[in-house]
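Fold and geometry: a report
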Amino acid sequence: MLMLKVECSLWFSLFSCSCAQGDLVTHTAWLNRSSILYAGEDKWSVDPRVSLVTLNQDEFTIKIEDVDLTDEGQYICAVQTSSRPRTTSVHIIVQVPPKIVNLSKDLVVNEGSNVTLMCLANGKPEPAIGWRMLSPSDDSLSSDSEVLEIPFISRYRAGVYECTAANDIAVDTQTVELTVNYPPSVSDGRDVGVTLGQRGVLQCEADAVPEADFEWYRDDRRIFNGFDGIEIEDAGAFSKLTFFNVSEADYGNYTCVATNKLGSANTSIILYEIIEPTSSTLLQVQDGNSGTSTVFTPTCLLLVVLLQLLLKF
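Residues numbered from 1 in each chain as written. Predicted model: local features only at pLDDT ≥ 70, side-chain atom pairs only at ≥ 80, totals over all residues. Heavy atoms only, no water.

How we decide: UniProt positions are given in the numbering used here, feature names are shortened, and annotations may be inferred rather than shown by experiment.
The protein goes by Opioid-binding protein/cell adhesion molecule homolog isoform X5 in an unreviewed UniProt entry, where it is assigned to Carassius auratus. What UniProt states about the protein under its Sequence similarities (unreviewed entry) heading is, verbatim, "Belongs to the immunoglobulin superfamily. IgLON family."

Structure (structure tokens):
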């Protein structure tokens, strides 16, 4: 009795089917559904991907390259013996790695907005889709579905989000960058003391997206770069106001204003004078034993006198 056995194997995008034969076989053919692919050595299929691998008394093997979903279905090996025809079949299931086909574009939103990220993917088996915050990493912000909802978004949710589509075959990932705009906030200014005639620098720092533009004011009068020998230098989140030769007129209160399209913030910085000690503000005390002298300020001298009085008691 003739027994037909079909074996099929799949390597990436190529599969082959082999039909075991015997000495009693006179004619043989491979069919896909109702279409004849090969009848013996004669190729009936017009598909260039289909080819004959082996045809002898023991084996009849064909292969299909660049397999796709249209190749899925039933394949039949039919043989004709001296007595009657026999057939056997195998059902090919084509698995497809996941591919993300629709993804939200990079987004720029204002703080407080509601954000929806969408990710769609194809594949077989149907891929599982998920979202996570990739950078900065935040495990608390994730989703096991095609949609990630972020209500009333804050600046701390800005970053890179990753969509993952996975099935038994492979994994596909793509990312979306989410930028959150917010108004400036300015760090408290530090007052600066400078000696007359020396160099003085006032610094201002603002956190904002988009980056803030800076303006400097003395009372209600705006200061421009190069005005009265003053230099203004802006670099990202920082602004610096430099006096190269501080005069009496420069001492006072300065205001730094940081502005972007969502708002503004300001801080005040005082430039004050540091007075260097002079001969008129120093007192000299002579040490009678050693003949050396020490210079004291009035405050230091008072402390010395008090200490001497305490040592007498």
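Looking at the pairing of strand E16 (residues 159–166)
Defined as follows: Strand pairing is defined by DSSP finding a minimum of two bridges between the two strands. Put simply, DSSP H or I for four residues or longer makes a helix, DSSP E for two residues or longer makes a strand, and each gets a number counted from the N terminus.
For strand E13 (residues 128–135) and E16, the ladder comprises 7 bridges, and the chain directions are antiparallel. Residue pairing across strands places Ala 128 opposite Ala 166, the latter belonging to E16. Across 8 bridges, the pairing between E16 and strand E17 (residues 171–186) is antiparallel. Paired with Gly 159 across the strands is Leu 178, a residue of E17. Linking E16 to E17, which pair antiparallel, is a turn of 4 residues.

Concerning the sheet that holds strand E21 (residues 221–223)
Put simply, the test is: Note on method: axes are straight lines fitted to C-alpha atoms, helices fitted across the in-contact stretch only, with angles between N-to-C directions ranging 0 to 180 degrees.
Read across the sheet, 5 strands follow the order E18-E25-E24-E20-E21 without closing on themselves; strand pairing throughout is mixed. Of all strands in the sheet, those with a lone pairing partner are strand E18 (192–194) and E21, marking the two edges. Taking each pair of neighbouring strands and ignoring which way they run, the sheet shows an average axis angle of 30°. Here E18 runs beside strand E25 (residues 263–273); their pairing, made up of 3 bridges, is parallel. Directly across from Val 192, in E25, lies its bridge partner Leu 271.

Thoughts on the state of the cysteines
Note on terminology: a disulfide is the covalent bond linking the sulfur atoms of two cysteines. Quick note on the threshold: Disulfide assignment relies on a single distance test, namely cysteine sulfur atoms paired within 2.5 Å. We call a residue buried when its accessible area falls under 20% of the maximum for its residue type, exposed when it is over 50%, and partly exposed in between, using a 1.4 Å probe and counting protein chains only.
Under the counting rule described, the total for this entry stands at 2 disulfides. For Cys 119, the disulfide goes to Cys 163, at an S-S distance of 1.9 Å. Negative torsions about the S-S bond denote left-handed disulfides, and the value of about -75° found for Cys 119 with Cys 163 makes this one left-handed. Here Cys 119 is found in strand E12 (residues 115–124), whereas its partner Cys 163 is found in strand E16, with 44 residues between them in sequence. Between the sulfur atoms of Cys 204 and its disulfide partner Cys 256 the distance amounts to 2.1 Å. Between Cys 204 and Cys 256, the S-S dihedral sits near -85°, and the bridge is therefore left-handed. With Cys 204 in strand E19 (residues 200–209) and Cys 256 in strand E24 (residues 252–260), this residue pair connects regions lying 52 residues apart in the sequence. With relative accessibility at 2%, the residue Cys 204 sits in the buried group.

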